[in-house]
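Read off the chains here:
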Amino acid sequence: MLFFLFACGMELPKTTIDRTHILNRSTRAICDSLLQCCDEQGQTDYFRDYQDDPRLQSLQASLPPSQFLDEETCPPVVEGILLRTWLGDWLDKVERGLVHYDPTEAAECIRELEEAECGSAKRDALRDPTCFGLLPPSDGTLQRRMFRRSSLEGDTCMPIDDGITETIFGSCNPEHAFCCVEDEDLDGCSPFPLPEQSGNCIEIASEGETCSPAPPISPCKLGLACERTSGTCISLDQRARYIGDPCYDDENLLSIGSCADGWCDIDGSQTCEALRDIGDSCILPISCRSQYCDTETATCLDNPICIGVEE
C-alpha cells in the first residue's frame, strides 16, 4: 500500500493525536527525553523554570534538585505540571468550546521532541514555546501550534493561563480581538484577569490607533507594539542588526530588529555584541556561542545540558 501511494505521487495521511491522549503522549515524550538525555544537572536545569511557581506548590518537593526523576517518578510529576500550568488550561478552554484543538500539529510537536537528538536539538525541543515549553512564545506572532482561537468581537471569552500575552488575548482570535474582563474599579478592562473569569472579545487596536499597556488596558494586535511615548500601535522593527547597532529602545521598552550575528545586551550597552567563545567571561547564557554560562566561574563553557546519560 505504501509503495502504491508513493508510486502514484500521493501524500501519506498525516499522523494525528486525539486530544484525549495528548496529556499522556506529551508526558511520555518529555520523560523519555529527560531520562535518555539529561543527567542530574540537566534535570535541574530543565525544572528551574518550574521552581517557586505558585501553581505547583504541592509538587515542589518532587522536583529536581530536591528529588531526581526516574522511570517511575517522572510521569506523575510531569503530568501534574502540565495539568496545573499551560496545557491543562488550554484543554479546559477546548472543553468549554472556546478553543479548537489541532490533532495534526499536536502529533508534529510530539514527533519533533521524540526524534530530537541529545544535545542542542533536544534542549530546543524540550523548551520549544510553540509546543511543550513552559514559557509561551515571546514573539507575539507565534502561538501554541496545537491550539486555534477563533472568537471575534462580541463573543464570550476567557483568559488562558499561559503567560501575559495569552492571559490578555485569552480565547479570542489575537489578530482581531482581546479578552476584556471588566474591572469596576478601573472602569475598563483588567490587566490581570484570572483564568476562571469570563469576558467579551473586544476589537483590538491596529497600527496607528491609540493603545495603552496601563490599566484599563487597550492592547495592540499581534505583531504590533504599543509605543509608550506616543500611545499608539507601531510595527515592530524586524530588520537585521549587526555588531554595534542599537537593538533596544529603553524609553519604550521595545526590541529594535534582531541581532544577526550576536546577542542584544539589553541591560548594558543596548547594542548587538559579538557572541563570546569558550573561556570568555559572561553573565547570561545568550552571550555565549555555546549558550552556556557557568555560574560558578562566570565563563562560557561547552554546554553540558542534556547531551546524553551514561548507562
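Structure's up top.
Caption draft 1: Fine view of helix α6 (residues 103–115). Taking 1.5 Å per residue, 13 residues should reach 18 Å; α6 reaches 18 Å between its end C-alpha atoms and fits that length. Listed in full, the buried residues belonging to α6 are Ala106, Ala107, Cys109, Ile110 and Leu113. Looking straight down α6, one finds that the buried residues subtend no more than 155 degrees of arc, so they occupy a single side. Structurally, α6 contributes buried residues whose contacts are with α2 (22–37), β1 (100–101) and α7 (120–126). Capping of α6 at its N-terminal end is provided by aspartate 102; its side-chain oxygen lies 3.0 Å from the backbone amide nitrogen of threonine 104.

Caption draft 2: How the structure looks around the state of the cysteines. Tallied over the full model, the rule gives 13 disulfides. With a sulfur-sulfur separation of 2.2 Å, cysteine 157 is cross-linked through a disulfide to cysteine 179. In this structure, the disulfide formed by cysteine 157 and cysteine 179 twists by about 90 degrees around the S-S bond and is classed as right-handed. Taken together, the residues span a long stretch of sequence, with cysteine 157 in strand β3 (residues 156–157) and cysteine 179 in strand β4 (residues 177–180) at a distance of 22 residues. Take cysteine 157 and cysteine 179: they sit in the same class, and that class is buried. Note on cysteine connectivity: cysteine 288 is disulfide-linked to cysteine 300, with sulfurs 2.1 Å apart. Note on the cysteine 288 and cysteine 300 pair: the S-S dihedral is about -80 degrees, so by sign convention the disulfide is left-handed.

Caption draft 3: Region of interest: the environment of glutamate 105. In this structure, glutamate 105 sits in helix α6. With relative accessibility at 23%, the residue glutamate 105 sits in the partly exposed group. If we skip the residues at most four places from it in the chain, glutamate 105 touches Arg145, Met146 and Arg148.

Rules behind the numbers
- Residues numbered from 1 in each chain as written.
- Predicted model: local features only at pLDDT ≥ 70, side-chain atom pairs only at ≥ 80, totals over all residues.
- Heavy atoms only, no water.
- Helix = DSSP H or I, 4+ residues; strand = E, 2+ residues; numbered from the N terminus.
- Expected span 1.5 Å × (residues − 1).
- Buried < 20%, exposed > 50% of the residue type's maximum accessible area, 1.4 Å probe, protein only.
- Arc of directions from axis to C-beta.
- Contact = heavy atoms within 4.5 Å.
- Polar contact = N/O pair within 3.5 Å; in protein donor to acceptor, adjacent residues only side chain to side chain.
- Disulfide = S-S within 2.5 Å.

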